[in-house]
Amino acid sequence: MWKTGISNIKPDDIVTRGYRQEDLIGAVPFASVFFLLLKSRMPDKKEAKMIDALITSSIDHGVTPPSTHAARIVASAGVPLPSAVAAGMLAVGDVHGGAIEDGAKVLQEWVKSMLENDWSLEETATRMLAQLQKEKKRMPGFGHRIHKRDPRTKRLFGLAQELGFEKEHVRLSLAVEKEFAKKKTLPINVDGAIAAIISDMSFDWRLGKAFFVMGRVAGMIAHVYEEMTTQKPMRRMCVQETEYDGPWER
Ligand code: LMR
């Protein structure tokens, strides 16, 4: 028996998490139905606004991130749109989009220790960074290759504060940013902001990449379509951009 608590499908009858799909269509926004799928309940107004904002914050970041780059190159080979988007999705990994999951895991573990041991935010941030340094690991979700201050972070944290989702996880990530600032500027990026907010919304860290993927798939569809309809086929590196450094003929 294959059990599922998500949808009950019978002939002429589709019920998702207890709601008829025809009642959701046109009545409940997409992001709220996504919340319903994950949490098995409808979001309240504040949750609905926050979840929509989280998805929008991941929607696109131009052609250079590995996922979009991969999707466009594969699209230029003449494959169908879903294959090109799937190729881009395969590039979402630990160093691209993955910091949400890793960041949420670290924050959730340390907030738990903080509450159990009655540590202050500052003490927890110091202990956490010392531990990561000992393990030769980086704090996920901090710093950005392009932005000195990721504009998405400011807006997301502003909304989290306004809507009541600035709790221990957001506060701990801000304390970490402050701790970093004693030595260097390493601000929270969009992945780190999403990690902290979904943790304060009580989402399991294992769902971290899901928020990135939900937004970015829309961005990749736009890029793949643009590639297919406006660009010459078979985008490739030119020979002058490559250098052979293997053995000479022998
Ligand atoms: C993104 O949203 O894909 C970026 O923040 C990652 C990057 O380095 O472009």
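Procedures and definitions
Residues numbered from 1 in each chain as written. Predicted model: local features only at pLDDT ≥ 70, side-chain atom pairs only at ≥ 80, totals over all residues. Heavy atoms only, no water. Pairing = 2+ DSSP bridges. Helix = DSSP H or I, 4+ residues; strand = E, 2+ residues; numbered from the N terminus. Near = heavy atom within 4 Å. Polar contact = N/O pair within 3.5 Å; in protein donor to acceptor, adjacent residues only side chain to side chain. Nonpolar A, V, L, I, M, F, W, Y, C, P; charged D, E, K, R; others polar. Contact = heavy atoms within 4.5 Å. Domains from an automatic or database assignment. Core = buried A, V, L, I, M, F, W, Y, C linked by side-chain atoms within 4.5 Å. Buried < 20%, exposed > 50% of the residue type's maximum accessible area, 1.4 Å probe, protein only. Phe/Tyr/Trp six-rings, centres within 6.5 Å; stacked < 30°, edge-to-face > 60°. Lys NZ or Arg CZ within 6 Å of the ring centre and 35° of its normal. Salt bridge = Lys/Arg side-chain N within 4 Å of Asp/Glu carboxyl O.

### Let's talk about the sheet that holds strand E3 (residues 19-20)
- Taken together, 3 strands build an open sheet; the order of strands is E1-E2-E3 and the sheet is antiparallel. This sheet does not close on itself; its edge strands, each paired only once, are strand E1 (7-10) and E3.

### Concerning the site of the ligand
- Contacts to the ligand come from His61, Pro65, His96, His144, Arg145, Arg152 and Arg216.
- Measuring from an oxygen atom of the ligand, one finds a side-chain N or O atom of His144 at 2.7 Å.
- The side chain of Arg152 places a nitrogen or oxygen atom 2.9 Å from an oxygen atom of the ligand.
- Taken together, the residues of the shell around the ligand sort by class into 1 nonpolar, 3 polar and 3 charged.

### A closer look at the side chain of His61
- By secondary structure assignment, the location of His61 is in the loop between helix H3 (45-57) and helix H4 (66-75).
- Within the local environment of His61, its side chain forms a polar contact with the side chain of His147, the two groups lying 2.8 Å apart.
- Excluding anything up to four places from it in sequence, His61 contacts His144, Arg145, Ile146, His147, Arg152 and Arg216.

### Points about the pairing of E1
- Summarising the sheet, E1 and strand E2 (residues 13-16) pair through 4 bridges and their orientation is antiparallel. Considered in E2, the bridge of Ile9 is made with Ile14.
- Adjacent in sequence and paired antiparallel, E1 and E2 are bridged by 2 residues, among which Asp12 carries a positive phi angle near 60°.

### Notes on the domain arrangement of the protein
- Taken domain by domain, the protein holds domain 1 (1-43) and domain 2 (99-206).
- Placing the centre of domain 1 and that of domain 2 at their C-alpha centroids yields a distance of 32 Å.

### Observations regarding the nonpolar core
- Counting 46 residues, the largest nonpolar core has Met50, Leu54 and Met139 as its most contacted members.
- Those elements that provide at least two residues to this core are helix H2 (30-39), H3, helix H6 (99-117), helix H7 (121-134), helix H8 (151-163), helix H9 (168-181), helix H10 (190-200) and helix H11 (208-230).
- Counting the residues that make up this core, at least three belong to each of domain 1 (1-43) and domain 2 (99-206).
- Non-local contacts of Met139, meaning those with residues more than four positions away in its chain, are made with Val106, Leu107, Met128, Leu129, Leu132, Val176 and Phe180.
- Counting 6 residues, the second largest nonpolar core, distinct from the first, contains Ala75, Val85, Met220 and Val224.

### Things to note about the packing of aromatic side chains
- With the rule as written, the count across this model stands at 6 aromatic pairs.
- Between Phe35 and Phe203, the ring centres sit 5.9 Å apart and the planes meet at 85°, which makes this aromatic pair edge-to-face. Of this pair, Phe35 sits in helix H2 while Phe203 sits in the loop between H10 and H11; the two residues are 168 residues apart in sequence, bridging distant segments of the chain. We note that Phe35, like Phe203, is buried.
- Chaining the aromatic ring pairs together yields one cluster made of Phe34, Phe35, Phe203 and Phe211.
- Between the NZ or CZ atom of Lys105 and the centre of the ring of Trp205, over which it lies, the distance is 5.3 Å.
- Above the face of the Trp205 ring, Arg206 is positioned so that its terminal group lies 5.5 Å from the ring centre.

### What about the pattern of salt bridges?
- Here the structure, examined in full by the defined rule, presents 17 salt bridges.
- The salt bridge partner of Asp150 is Arg152, with a shortest N-O separation of 2.9 Å.
- Given the relative accessible area of 15%, Arg152 is considered buried.

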